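This is what each chain is made of:
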Amino acid sequence: MSALTRYAKSAQILPMAWLTQSEFPAKGLVKNAFQVAISELPEASTYEDNVVRSALQTIVDGVDPRGGSFKAQAMHAAGQLHDRVTALALALDAPTAHDQKRR
């Protein structure tokens, strides 16, 4: 399974609409969802992978009160995951050197 597919499956567990609804889900439910999302991630192989995994793990382990509310930090961590999915998807469409020569 590709890294993009694994990240997408992880992001599907943490939909932004769920975290940004007017009634924020229960903290235990959110922590559990983040733990499941982490289990879907591929092994970290880049700095960006480590940043995303660390952000998600912080929600599971308990947020730093200096970083804002649990809700804000959970949304931020999920946003980092969704940004990573987008970056991986766009990287697949990036022209290669071979494509450049053909133009």
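The rules behind these values
Residues numbered from 1 in each chain as written. Predicted model: local features only at pLDDT ≥ 70, side-chain atom pairs only at ≥ 80, totals over all residues. Heavy atoms only, no water. Helix = DSSP H or I, 4+ residues; strand = E, 2+ residues; numbered from the N terminus. Expected span 1.5 Å × (residues − 1). Buried < 20%, exposed > 50% of the residue type's maximum accessible area, 1.4 Å probe, protein only. Arc of directions from axis to C-beta. Contact = heavy atoms within 4.5 Å. pLDDT = per-residue confidence, 0-100. Axes fitted to C-alpha atoms, helices over the stretch in contact; angles between N-to-C directions. Parallel < 35°, antiparallel > 145°, perpendicular 65-115°, else oblique. Nonpolar A, V, L, I, M, F, W, Y, C, P; charged D, E, K, R; others polar. Core = buried A, V, L, I, M, F, W, Y, C linked by side-chain atoms within 4.5 Å.

Chemist: Quick question: what am I supposed to make of helix H4 (residues 47-61) here?
Modeler: Residues lying three or four places apart along an α-helix face the same way, a consequence of the helix completing one turn every 3.6 residues. In a regular helix each residue adds 1.5 Å, so 15 residues correspond to 21 Å; H4 covers 21 Å between its end C-alpha atoms and thus fits that length. When H4 is considered as a whole, its buried residues turn out to be Asp49, Val52, Ala55, Leu56, Ile59 and Val60. The arc that holds every buried residue of H4, seen down its axis, measures 145°, which confines them to one face. Facing away from the buried side of H4, by more than 90 degrees, are the exposed residues Tyr47 and Asp61. Contacts made by the buried residues of H4 are with helix H1 (3-13), helix H3 (27-40) and helix H5 (70-93).

Chemist: It is not clear to me how the confidence of the model for the protein chain should be interpreted in this structure. Could you clarify?
Modeler: Detailed reading of the predicted coordinates is not advisable wherever pLDDT is low. Within the protein chain, residue pLDDT values average 91, and 92% of them lie at 70 or more. The lowest-confidence element of the protein chain is helix H6 (residues 97-102), averaging 58 in pLDDT; the highest-confidence one is H3, averaging 97.

Chemist: For this particular structure, what's the right way to read the packing of H1 against H3?
Modeler: Geometry of a packed helix pair, given as the angle between the helix axes and the separation of the axes. Running from N to C, H1 and H3 point in directions that differ by 170°, and their axes come no closer than 8 Å. Between H1 and H3, the crossing angle belongs to the class labelled roughly antiparallel. Counted together, Arg6, Lys9, Ser10 and Ile13 of H1 and Ala33, Val36, Ala37, Ile38, Ser39 and Glu40 of H3 form the full contact between these two elements. Looking at side-chain class alone, the contact of H1 with H3 contains five nonpolar, two polar and three charged residues.

Chemist: Could you clarify how one ought to interpret the environment of glutamine 80 in this entry?
Modeler: Tracing the backbone shows glutamine 80 in helix H5. Separated by 11 residues in the primary sequence, glutamine 80 and serine 69 have C-alpha atoms spaced 17 Å apart. Once residues lying within four places of it in the same chain are set aside, the contact partners of glutamine 80 are Val51, Val52 and Ala55.

Chemist: I keep staring at the nonpolar core and nothing clicks. Help me out?
Modeler: In terms of nonpolar packing, the biggest core is built from 23 residues, with Tyr7, Leu14, Val30, Phe34, Leu56, Ile59 and Leu81 touching the most fellow members. Every element with two or more residues in this core is listed here: H1, H3, H4 and H5. Among all residues touching valine 30, those that are not within four sequence positions of it are Trp18, Leu19, Phe24, Pro25, Ile59, Phe70 and Ala74.

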